[in-house]
Amino acid sequence: MKKNKLFSKRSNRDKTAERKYMSYEDVPLADYRDIDPIPQNLTKKFFKIFLILFLGVVIVLALINLDQLTPDNISHWFQYELLGKTEGAGYPVRFVGTSINTENFSLMDRSPVYCSDTSVVVLNSNAGEYQNNQHSFANPILKTDEEFSIIYNADATGYRILDRNSTVYSGTSERKLFDADIAANGNYALLTYGNDYLSALTVNDKDNNKIYGYSFAEYYVSNVSINSKGTRAALSGISAKDGGIISVIYILDFSQKTYYQKYEFEDSYIYDICYLDNDNVIAVGDGSAYHIDIENKKMTEISYESRILSTYTLKRDYGVLLSLSVNPDGRNCDIVAINSEGKCDAEINTENRIMSLDYRNQKICVLFPSNVIIYDLNGIQLLTNEISADARKICFCDSNTLYILGTSNIYKMDVKYNND
C-alpha cells in the first residue's frame, strides 16, 4: 500500500514538473468567454420589461399632450416636446422657405414667430425652434396677440391657431376669408365673404365653438380687430356713395344682436384697425388716423397735414406709430406717436426714409435703410447701430433685445444704450 501511495505522489509531482507555464496572451479570445452566459430567456424577459416601461412612458406623455397630437403636430410633438429639440446655434439664422412678407413676422410670448411661403416657425432666444410646421396656404397672413397666433389663407378658407409650442387647431371657414384676429384669451374672429350679405363675422371661443355671428349688408367689411377679452370687436369697411367712397368703423359687442357703435367717413380709405388694451380703438387711413373713445362715444381725427403715410405700426398696448413723409418717394419722414388716449406723445423729424417702427417701454425703435435708432418720447437718440443692408422689419422684444427680419435671415440685436 505504501508503494502505491508513493507512486501516486511521484506521479503527481512529475505531472506538475512537466506542465508548462502559460500566458493569457497565448489563449484564444474564445477561451476568455464566460463559461456561464446569461440565459437567453432572461435576456428576452429584460427586453420585454424595458419595452413595456418605454411604451408606458410614451403613453403617459401622449395622454398629457393629447390635445397637441393633431395630424399636423405629431411630428413636431416627438421632435420638440418628447425629444426636447429647442436648442439653437444663435442668430443670424436663415429662415425656412423662400420669402416672408413683413406683416408675417412678429413676436408671440416674446418669441420671434414668422410665416413664410412654406412654413410656420417659432424661435427661441438662441434661434432654436419651438416649432416648425409646413403649410399649403397660397396667401398666408399672420396675426398675433400675446400667447396665441392665427394664420389664415386670404381669399381661401383655411386657418390655424397656434401657441408658442404647437399648432392647437387647424380649421376651415364656411366661406373665403377677408381677415382674422385672435384675442389674448384664445377667442378668435373670422371675417368672410357673405352668402346673402357683403361680409360676415364669425367669432369662436378657444374650444372652436361659435359664440357670435354678424352679417353686413351695406359695406364690404375687410378688417377686424378683437379685444383682449374676446368680448368685442372693431371692424372697418368701404362702400360707394355719389361717385366717391365712404368708409365705416363698426364696434360690435358680442352680447348684442345689433352693432354697438358706428362711424362713417366720406372720401377716406381705412387701411387697418386695432382694438386697444384700454378698450379704445384706433384706425389708420390714407389721409388721417382715427381714435375712438368707446365709453364716451367720441371719435377724434388726427390729420396727416398733407404728408404721405409711408409705414405704420399698431400696438394694442400703446396706440399707433406713423411714418409721414413730405415727399412722394418716402424720404424726409416724420415719426408721429399717438397713444391709446388719442394724444400725440411725440413728433420726431428724421430727414430719412423709414423702413419699420416699433414701440416698447416709452421708447420708439426705428429701422432706417442702413441703421437702427432708438428714441425716447422727447426725440433724444438713445442708441444708434448700423445694420445689414437687407433689413426689412424690426420687432422690439424688450428694452435690451431687437429682432430684425432680413431678405433671407433673421437677426438679433442686443441693445446697449449710449449712456450705458
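Notes on the structure follow.

1. Considering the sheet that holds strand β9 (residues 167–172)
Logical step 1: On the basis of which strands lie adjacent, the open sheet formed by four strands has the order β6-β7-β8-β9 and antiparallel pairing. The open sheet has two edge strands with one neighbour each: β6 (140–145) and β9. Taking each pair of neighbouring strands and ignoring which way they run, the sheet shows an average axis angle of 15 degrees.
Logical step 2: Of the strand pairs in this sheet, β6 and strand β7 (residues 148–153) are connected by six bridges, and their pairing is antiparallel. Note on β7: the bridge partner recorded for Asp145 is Phe148.

2. Quick word on the pattern of salt bridges
A side chain of one charge can pair with a side chain of the opposite charge when the charged atoms of the two come close.
Logical step 1: Across all of its chains, the model carries 14 salt bridges by this definition.
Logical step 2: Where Asp179 meets Lys143, a salt bridge forms, and the shortest distance between an N and an O atom there is 3.0 Å. Of this pair, Asp179 sits in strand β10 (residues 177–182) while Lys143 sits in strand β6; the two residues are 36 residues apart in sequence, bridging distant segments of the chain.
Logical step 3: Arg316 is paired through a salt bridge with Asp145; the nearest N and O atoms lie 3.6 Å apart. Here Asp145 lies in strand β6 and Arg316 lies in the loop between β22 (308–315) and β23 (319–325), a separation of 171 residues in the sequence.
Logical step 4: By relative accessible area, Asp145 is classed as buried at 6%.

3. Remarks on the side chain of Asn204
Logical step 1: Positionally, Asn204 belongs in strand β12 (residues 199–204).
Logical step 2: On the basis of relative accessibility, which here comes to 7%, the residue Asn204 falls in the buried class.
Logical step 3: With residues up to four places along the chain from it excluded, the contact list for Asn204 reads Tyr159, Asn187, Tyr188, Leu190, Asn209, Lys210 and Ile211.

4. Here's the deal with the packing of aromatic side chains
Logical step 1: On inspection of all chains with the given rule, the structure shows 13 aromatic pairs.
Logical step 2: Site record: aromatic cluster; members linked through ring pairs are Tyr214, Phe216, Tyr219, Tyr250 and Tyr259.
Logical step 3: The ring of Phe137 has Arg160 lying over it, and the distance from NZ or CZ to the ring centre is 5.9 Å.
Logical step 4: Looking at Arg164, its charged tip hangs above the ring of Tyr130, at a distance of 4.2 Å from the centre.

5. What to know about the side chain of Asp163
Logical step 1: Mapping Asp163 onto the fold places it in the loop between β8 (158–162) and β9.
Logical step 2: Nearest to the buried, unbridged Asp163 among oppositely charged side chains is Arg164, at 7.4 Å.
Logical step 3: A polar contact is formed between the side chain of Asp163 and the backbone nitrogen of Asn165, at a distance of 3.0 Å.
Logical step 4: Ignoring anything within four residues of it in the chain, the contact list for Asp163 reads Met108, Gln131, Glu147, Phe148 and Val168.

So, how was this worked out
- Residues numbered from 1 in each chain as written.
- Predicted model: local features only at pLDDT ≥ 70, side-chain atom pairs only at ≥ 80, totals over all residues.
- Heavy atoms only, no water.
- Pairing = 2+ DSSP bridges.
- Helix = DSSP H or I, 4+ residues; strand = E, 2+ residues; numbered from the N terminus.
- Axes fitted to C-alpha atoms, helices over the stretch in contact; angles between N-to-C directions.
- Salt bridge = Lys/Arg side-chain N within 4 Å of Asp/Glu carboxyl O.
- Buried < 20%, exposed > 50% of the residue type's maximum accessible area, 1.4 Å probe, protein only.
- Contact = heavy atoms within 4.5 Å.
- Phe/Tyr/Trp six-rings, centres within 6.5 Å; stacked < 30°, edge-to-face > 60°.
- Lys NZ or Arg CZ within 6 Å of the ring centre and 35° of its normal.
- Lys, Arg positive; Asp, Glu negative; His and termini not counted.
- Polar contact = N/O pair within 3.5 Å; in protein donor to acceptor, adjacent residues only side chain to side chain.

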